[in-house]
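For reference, the chains in residue letters:
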Amino acid sequence: MTVDTDGVNAVDQMEKGPQKTAFFNNPKIRSSVIQVLLIGILIYGVWSLISNTAANLSAQSKSFGFGFLDNASGFDVSQSLIEYSRASSFWTVYQVGLLNTLLVAITGIILATLVGFSIGIARLSSNWIVSRAAYWYVEALRNIPLLLWIFIFYFGVLRLLPSKREPLGTSLDGALGYLSIGGWIAPKPVAGDMLWLTGLAVLFGIVASFIVSSWAKKRQMRTGQQFPTLYVILGLIIGLPAALFIVTGLPLSFEYPEIGRFGARGGMPVLPEFIALLTALSIYTSAFIAEIVRAGILAINKGQTEASHALGLRPGPTLNLVIIPQALRVIIPPLTNQFLNLTKNSSLAVAIAYPELVSIFAGTALNQSGREVEIIMITMATYLTLSLLTSTFMNWYNNRMALIER
Amino acid sequence: MKAKLLSAAFGAALSVTAVNASAATLDDVKSKGFIQCGVSQGLPGFSQPDSSGNWSGLDVDVCRAVAAAVFGDAGKVKYTPLSAKERFTALSSGEIDILSRNTTWTATRDTQLGLNFAGVNYYDGQGFMVRKELGVSSALELSGASVCTQTGTTTEINATDYFTVNKMEYELVAFEKNDEVVAAYDSGRCEVLTSDASQLYSLRLKLTDPNVHVVLPEIISKEPLGPVVRQGDDQWFNIVRWSFSAMVNAEELGVTSENVDEMKKSENPGIKRLLGVEGNFGEGLGIPNEWAYNIVKHVGNYGESFDKHVGPETSLGIARGVNALWSKGGVMYAPPIR
Ligand SMILES: N[C@@H](CCC(=O)N[C@@H](CS)C(=O)NCC(=O)O)C(=O)O
């Protein structure tokens, strides 16, 4: 860089107007050149990725295609939410794995959120013991790696349960099922003929609740009158179906497990692998959620609390009506991350034989079929889709929660 | 946007530089100076590291034999411990040169995974182990049991077949790592542990109290275990196949690591050819002519290797059985070096 020491020159230039910049300094040209270059590199990258894969596949005389998904898998899995046997196809394996992933992810997200919110609020409690306990909960959980937690629960905690042949629950004759090292063999609900009516009523109740609550909200905006929405919703979602359930003659029975040579059989087995994974995933994630909730609440100016107290709101409604709605805006984006993490972390299940997507599809099926490229592509696409769906939903929810200026 | 483009392009470019599984494995191996050998994560008798990280075992000896043949030094091997699930990917991606990890030769693996089996170094079959206290004496009494096994194995498939064919209900609990299988069985999660029979004996040694378990009499499958190489490199395939065959031929001809130097003076044309005194079989393989001499000298013949690692004198105490030479009532048979 040269320093212009000649004052006259500078004045000269000012009179001539801005000097014509060299073409490679022109920001427009520059940026389009960079764009073109980058796109070129990208295209080259993608092309070489594909041709490299193709060359390697053909060097090993392997083909590429998804036809193998129709072939019989030949192996069994320990938990399946749909009909599955060794004769089922690899595509069915995919579905079984995906459903098992979703099962643990969704139940995990619900549990982690409930626990996380409670702990997060407890950390802000004015009760010293409660807030200290919550503090230690968070610190202990998030400072130990998740895989270790999974092992602790699976090989540690669950191992304290009695053996399969002498399970807990014998004193109740299996009315609540049996709990042992082999998991919880629960009574299996069997639907009666008329159960669908109750199911329909629940569905109706949910839809009706939405309508009622949005109507009540509008009315409150307009007239300031409150409506006992909560009770009406409870009535719609629980009361109505319950009444129908009784009227149709309790169309639900249970199939109870029995103790056989190798422990409890029949009923509905809840695998110990599932229990350990679910517990580890949800408490681990709950520690992070607790911190997010705490930060969200702390982000709300203390004046808000004081103002609502001054308006005569009690602490409960203050939290529910003033603090939480505002805090949620801060909480939701990082919360989404935790949900995504939990879903992806569920793939650590390989270590303890819970048959989720990575374990049985990207693991066993890949190994038995030898279709690495195809299976990994499908698995990646699946996780991507799950993540995108979750964030889309959370973004939608976040937008709804955003402050609407009136 | 630019940042995204850039990182995508970069990622792609990186993957381009990833190794291209080369066809000329011998050249690769020679230029790096050692053989990368895929083994188990610790299976006594077959492939297991000692406390200072030196691997030994029947499967390890195959890799050492190849190293002796190529370099004249059985020590020029590096080991990659692999789970059952990882092993084929490791081989086809070029991470390892030979897979010698109690791997069963099956049609699927041979024809659909781009692999070739270079021989059989142990004839095995699948068995079951249970606790004595269950009072089970036959695998046919196992209906309703939970069965622990390792994922990505033929074991998993055989167990599925066996229980289905015999119309028995069961629960298959498949772990990725062998240690987890053993821990789960040991703690009572499963009543049954199933694996290749040879391994049941070595796995039993890992249990808290080996004496409270029994191996059931049924053998439910054929498990010819052998070394595997990538398809499409015939030279390397030949080297591995003949390195192992040399060990079997040496046993048949009575050549051992101890007498191999004397045997060089033998008048027996078979021995002369084996030890490179006559003929030039090394040339055809692209390796030194003393290749088989080096194998026997530094690794030993098949019988020696068997006795040392899994035989009756070891803690596994496996009898030669079907793995005896064909001339001694077994099925171990190698094509002649001629
Ligand atoms: N021979 C069978 C089974 C091989 C196998 O991996 N067996 C397990 C025990 S069931 C094992 O050896 N594990 C040792 C390890 O993972 O280190 C196959 O090739 O699929």
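The rules behind each value
- Residues numbered from 1 in each chain as written.
- Chains lettered and ligands numbered in written order.
- Predicted model: local features only at pLDDT ≥ 70, side-chain atom pairs only at ≥ 80, totals over all residues.
- Heavy atoms only, no water.
- Helix = DSSP H or I, 4+ residues; strand = E, 2+ residues; numbered from the N terminus.
- Rg over C-alpha atoms; globule rule 2.2 N^0.38 Å.
- Buried < 20%, exposed > 50% of the residue type's maximum accessible area, 1.4 Å probe, protein only.
- Areas by Shrake-Rupley, 256 points an atom, 1.4 Å probe, with all protein chains shown as cover.
- Disulfide = S-S within 2.5 Å.
- Domains from an automatic or database assignment.
- Contact = heavy atoms within 4.5 Å.
- Buried area = accessible area lost by both parts, 1.4 Å probe.
- Salt bridge = Lys/Arg side-chain N within 4 Å of Asp/Glu carboxyl O.
- Near = heavy atom within 4 Å.
- Polar contact = N/O pair within 3.5 Å; in protein donor to acceptor, adjacent residues only side chain to side chain.
- Nonpolar A, V, L, I, M, F, W, Y, C, P; charged D, E, K, R; others polar.
- Pairing = 2+ DSSP bridges.
- Axes fitted to C-alpha atoms, helices over the stretch in contact; angles between N-to-C directions.

S.K.: Before we go on, may I ask you to explain the overall build of chain B in this structure?
M.R.: In terms of helices and strands, chain B carries 14 helices and 14 strands. Relative to the compact-globule value of 20 Å for 338 residues, chain B shows a C-alpha radius of gyration of 22 Å, a close match. Once the C-alpha set of chain B is aligned to its principal axes, its extents read approximately 70 × 60 × 40 Å. When each of the 338 residues of chain B is scored for burial, the buried share is 58%. For chain B, the computed accessible surface area is about 13200 Å², with 52% contributed by carbon and sulfur atoms.

S.K.: Can you help me understand unusual backbone geometry in this one?
M.R.: Negative phi is the rule for most residues except glycine; trans is the rule for most peptide bonds. We note that L250 of chain A has phi near 45°; this positive angle belongs to a residue other than glycine. A positive phi angle, close to 20°, is found at N102 of chain B, a residue other than glycine. Mapped onto the secondary structure, N102 of chain B falls in the loop between strand 5 (98–99) and helix 5 (107–112).

S.K.: Help me out: how do you make sense of the state of the cysteines in this one?
M.R.: Defined simply, a disulfide is a covalent bond joining two cysteines at their sulfur atoms. Residues and elements named next belong to chain B. On inspection of all chains with the given rule, the structure shows two disulfides over all chains. Through a disulfide, C148 is tied to C190; the S-S separation comes to 2.0 Å. When the S-S torsion is 65°, as for the bridge of C148 with C190, the disulfide is right-handed. Of the two residues, C148 sits in strand 9 (residues 145–150) while C190 sits in the loop between helix 7 (178–187) and strand 11 (192–196), which places them 42 residues apart along the sequence. Look at C148 and you get buried, because its relative accessible area is 0%. Sequence-ordered numbering of the bonded cysteines in chain B gives a pairing of 1-2, 3-4.

S.K.: Help me understand the environment of K218 of chain A, please; the structure alone is not making it clear to me.
M.R.: Counting through the fold element by element, K218 of chain A comes out in helix 6 (residues 195–223). Separated by 126 residues in sequence, K218 of chain A and K344 of chain A place their C-alpha atoms 40 Å apart.

S.K.: Which parts of the structure should I look at to understand the domain arrangement of chain B?
M.R.: When the parts come together, some accessible area is lost, and that loss is often what is quoted as the size of the interface. All names here are of chain B. As far as domains go, chain B holds domain 1 (17–123 + 225–328) and domain 2 (126–221). Distance from the C-alpha centre of domain 1 to the C-alpha centre of domain 2: 29 Å. Contacts between the two partners involve 20 residues from domain 1 and, on the opposite side, 16 residues from domain 2. Taken together, both faces of the contact between domain 1 and domain 2 bury some 1300 Å²; the carbon and sulfur share is 55%. Contact with domain 2 buries area across many residues of domain 1, yet L43, K85 and L316 alone supply 28% of it, more than any other trio. Counting the contacts that link domain 1 with domain 2 gives one salt bridge.

S.K.: I keep staring at the site of the ligand and nothing clicks. Help me out?
M.R.: Residue and element names in this part refer to chain B. The environment of the ligand is formed by 21 residues, the closest being Q41, N102, T104, Q150 and D196. Between the ligand and Q41 there is a distance of 2.6 Å, counted from an oxygen atom to a backbone nitrogen or oxygen. Within the backbone of T154, an N or O atom sits 2.8 Å from an oxygen atom of the ligand. When the ligand is considered free in solution it has 500 Å² of accessible area, and contact with the protein chains removes 99% of it. Residue composition of the shell around the ligand, grouped by class: three nonpolar, 13 polar and five charged.

S.K.: Help me out: how do you make sense of the interface of chain B and chain A in this one?
M.R.: On the chain A side, the residues contacting the 57 residues of chain B number 50 residues. Regarding the contact of chain B and chain A, the summed buried area is about 4300 Å², with carbon and sulfur atoms giving 53% of it. Taken together, the links from chain B to chain A amount to five salt bridges. With a shortest N-O distance of 3.0 Å, R86 of chain A and D161 of chain B are connected by a salt bridge. Inspection of the region where chain B meets chain A yields 18 residue pairs in polar contact (both at pLDDT 80 or more). Of all the elements in the fold, those that place two or more residues in the side of chain B that touches chain A are helix 1 (2–17), helix 4 (87–92), helix 5, strand 9, helix 6 (154–165), strand 10 (170–175) and helix 7 of chain B.

S.K.: Would you explain the domain arrangement of chain A in this entry?
M.R.: The domain architecture assigned to chain A consists of domain 1 (90–143 + 278–401) and domain 2 (189–246). Taken over C-alpha atoms, the centre of domain 1 of chain A sits 27 Å from the centre of domain 2 of chain A.

S.K.: Looking at this structure, how should I read the sheet that holds strand 11 of chain B?
M.R.: Backbone hydrogen bonds hold the strands of a sheet together, and the pairing may be parallel or antiparallel. Residues and elements named next belong to chain B. Pairing within the open sheet is mixed, and its five strands lie in the order 10-9-11-8-12. Lying at the two open borders of the sheet, with one neighbouring strand each, are strand 10 and strand 12 (213–215). Taken pair by pair, the neighbouring strands of this sheet meet at an average axis angle of 25°, ignoring direction. Helix 6 contacts strand 8 (126–131), strand 9, strand 10 and strand 11 of the sheet and is inclined by roughly 180° relative to strand 10.

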